[in-house]
Amino acid sequence: MPTARSGLSRMSPAGRLLGRRLREGLPLAPFLGFVVIFLIIPTVTVIVSSVYSDGDFSLERIQALFSGTALAALWKSVLLSGSTAILGAVLGAILAWLIVSSPRTSIFRRAVISMCSVLAQFGGVALAFAFLATIGLNGVLTLWVQDRFGFNLAGAGWLYSLTGLILVYTYFQIPLMVIVFVPALEGLREQWREAAVGLGASTWQYWRQVAFPLLTPAFLGSTLLLFANAFAAYATAAALVSQGSPILPLLIRSALTSEVVLGQSGFAYALALEMIVVVAAVMIAYGALVRRTARWLQ
Amino acid sequence: MRRASSGGKILRAVLLVLFGLFFLFPLYAMADFSTRNLIQGGRTLQAWKNLVQDDALYQAIVISLLLAVFTVVVMLLVLVPTMIWVRLRAPWAKGMVEFLCLLPLTIPALVIVVGLRNVYLWVTYFLGESALTLTFVYVVVVLPFAYRAIDGALSSIDLRTLSEAARSLGAGWATTILRVVVPNIWSGILSAAFISIAVVLGEYTIASLSGYQTLQVEIVAIGKSDGPTSVAASLATLLFGFMLLLVLSLLTRGGRRGANDASPIPQAAAALTPAPAAQSGANA
């Protein structure tokens, strides 16, 4: 159709680019639809609903975040995430160092890494039951210690308190640290050690003056990642603590499931927004540190 | 590091034993706890038999397995053509697609489920009330893992030459994708599928807060009255996930040592360590 074609050629370059982009972009529609409906809309709903109630702008729900209950939950969440991030990062870095010294293709290393993947990412509920079976009231270790030493390891149910959560979270934070830190350790090149030793450095000097400074951004970045991971984790805590809501994710649960009863309609939105803000802030800092690491890891 | 002194070797061994105890003892305790006969003492396999005999639990297992299959199928149908198209025809969209795929790592599942209510009112209005509707949101949850796995495989082949050769020989887009590209990125597709299965079988947050009875939700529900059965089911999930990932690691790495191939576990890990362009996180 000559008229259509000449019409097209008379279009501005910007218009033609737009037309081409549309044609190229159309096959992306199913993917974009999926992401928009099931990821973007829920997130935007949370953000908008935390400042709008019944169509009116209101800071009431945000204000509720500064109530005693919400602040206490936030503080405990920060405490839990912070302590398990540091514990997990230090112990995980040591375990990663132990693993890296075995050959890349050994069955030992594959088994350990597979194990770490399962515990770090897919454990959830199962990990809560692992610890119930170990040091719960009738746990295997509890009964054994009771038999041998006459001492009640389960105590007054500390497994269900913040201390218990710290223990169980460490169990999945260490494997996560291994997964994210092994690539950084592998990035340390043998030539750097040889160069250091060739210049007369001892093993200790090599680690202190070459390896540690190189690994520091990756280590700090991983620690932040662990913090965000623990802060957003829900399944393990929910399975372990069925009553009460000591930490932020569990407070969201109770706001979601009993909002009608408490008359706190919409409180869950504000709490979810708080979670987005904290996780996003931590992840932005993480991204900055990863970019620093990426400079020499390539 | 290579020539460790004997002191260093002992330190290493001691540390490995300690880590081994910390990680393996709870798993051993699960096996012990789930085979204990609480009433008469001694051992029983009743808790493990319950996985099949207990109706509610068996139903939940079937639902979770179906969800895993549906999620993998829908994820592959949506993601693979999109990623191939982006590489061939719309490279300007690559950054955006990558960013969107990795975004679920930064937005916790808990946040998604809080904002999901209105969306699901529509979904259940059109498709009816069924746990299988969770497929849609699970596809989004597994996106980061699947994206990294498939992206790695696509990077290792010369996609443009392959598809141009196929097209110039008269193949249409469907034939090109199904019979030329897919066989070449098989390892990446396998990784994406296995990791997605593991994620779906372990998912609790979204299912429980949406009120659907999947495997993990049922495990928690049963735990209130029958500890050993819950522990048995938990251990079974962990072992199944472990087998899945170990088999995958042996399958996709076996023959091609040293090559820059799509190895699954580092990619599961890579999903957690974002490329410099996009930032992401993790949610266990």
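The rules behind the values
- Residues numbered from 1 in each chain as written.
- Chains lettered and ligands numbered in written order.
- Predicted model: local features only at pLDDT ≥ 70, side-chain atom pairs only at ≥ 80, totals over all residues.
- Helix = DSSP H or I, 4+ residues; strand = E, 2+ residues; numbered from the N terminus.
- Buried ≥ 20, exposed ≤ 12 C-beta atoms within 10 Å, placed from the backbone.
- Contact = placed C-beta atoms within 7 Å.
- Core = buried A, V, L, I, M, F, W, Y, C linked by C-beta atoms within 7 Å.
- pLDDT = per-residue confidence, 0-100.
- Axes fitted to C-alpha atoms, helices over the stretch in contact; angles between N-to-C directions.
- Parallel < 35°, antiparallel > 145°, perpendicular 65-115°, else oblique.
- Left-handed = near helix turned anticlockwise from the far one by under 90°.
- Bend = angle between axes of the 7 residues up to and from the residue.

1. Describing the overall build of chain B
Along the backbone of chain B there are 14 helices and zero strands. Classification of the 284 residues of chain B by burial places 50% in the buried group. At a minimum sequence separation of 6, the contacts of chain B that also span at least 24 residues come to 76%.

2. A few points about the overall build of chain A
Scanning chain A from terminus to terminus reveals 15 helices and two strands. In terms of its C-alpha atoms, chain A occupies a principal-axis envelope of roughly 95 × 70 × 35 Å. For chain A, with 298 residues in total, the buried portion stands at 42%. Residue pairs in contact within chain A that sit at least 24 positions apart in sequence constitute 72% of those at least 6 positions apart.

3. Topic: the nonpolar core
Counting residues in hydrophobic clusters, the biggest one holds 170 residues, and the most contacted among them are A272 of chain A together with I150 of chain B. At 15 residues, the largest contribution of residues to this core is made by helix 3 (residues 55-88) of chain B. With residues up to four places along the chain from it excluded, the contact list for A272 of chain A reads V46 and I252 of chain A together with L110, V111 and V114 of chain B.

4. Side note on the interface of chain B and chain A
Counting from both sides, the interface comprises 73 residues of chain B and, opposite them, 76 residues of chain A. Looking at which element gives the most residues to the side of chain B that touches chain A, the answer is helix 13 (residues 227-253) of chain B, with 12 residues.

5. What to know about the confidence of the model for chain A
Put simply, chain A has an average pLDDT of 83, and 92% of its residues get 70 or more. Note on residues 1-8 of chain A: pLDDT under 50 across the span, and one contact to partners over four residues away in sequence or across chains.

6. Quick word on the confidence of the model for chain B
Residues and elements named next belong to chain B. Averaged over all residues, the pLDDT of chain B equals 81, while 87% of them reach at least 70. Contacts of residues 255-284 to residues separated by more than four positions or lying in other chains number 99 contacts, the stretch itself having pLDDT below 50. On the interface metric, ipTM, the complex scores 0.82, and its pTM is 0.84.

7. Side note on the environment of L235 of chain B
Structurally, the position occupied by L235 of chain B is in helix 13. Sequence separation between L235 of chain B and M30 of chain B is 205 residues, and the spatial gap between their C-alpha atoms is 6.5 Å.

8. Considering the packing of helix 7 (residues 134-155) of chain B against helix 10 (residues 186-202) of chain B
Residue and element names in this part refer to chain B. Running from N to C, helix 7 and helix 10 point in directions that differ by 155°, and their axes come no closer than 8 Å. Between helix 7 and helix 10, the crossing angle belongs to the class labelled roughly antiparallel. Between helix 7 and helix 10 the crossing geometry is right-handed. Between helix 7 and helix 10, the residues in contact are Y138, V141, V142, F145, A146, A149, I150, G152, A153 and L154 and S187, G188, I189, S191, A192, I195, S196, V199 and V200, respectively.

9. Quick notes on the environment of P183 of chain A
Residue and element names in this part refer to chain A. In this fold, P183 is placed in helix 9 (residues 162-187). Judged by C-beta crowding, with 17 C-beta atoms within 10 Å, P183 ranks as partly exposed. Linking P183 and F227, residues 44 residues apart in sequence, is a C-alpha distance of 19 Å.

10. Observations concerning helix 3 (residues 29-49) of chain A
At V36 of chain A, helix 3 of chain A shows its maximal kink, close to 40°. If you check which residues of helix 3 of chain A are buried, you get F31, F34, V35, F38, L39, P42, T43, T45, V46 and S49 of chain A.

11. Focus on the environment of L66 of chain B
All names here are of chain B. The topology assignment puts L66 in helix 3. A residue is classified by how many C-beta atoms lie within 10 Å of it, and L66, with 15 of them, is partly exposed. Separated by 164 residues in the primary sequence, L66 and S230 have C-alpha atoms spaced 21 Å apart.

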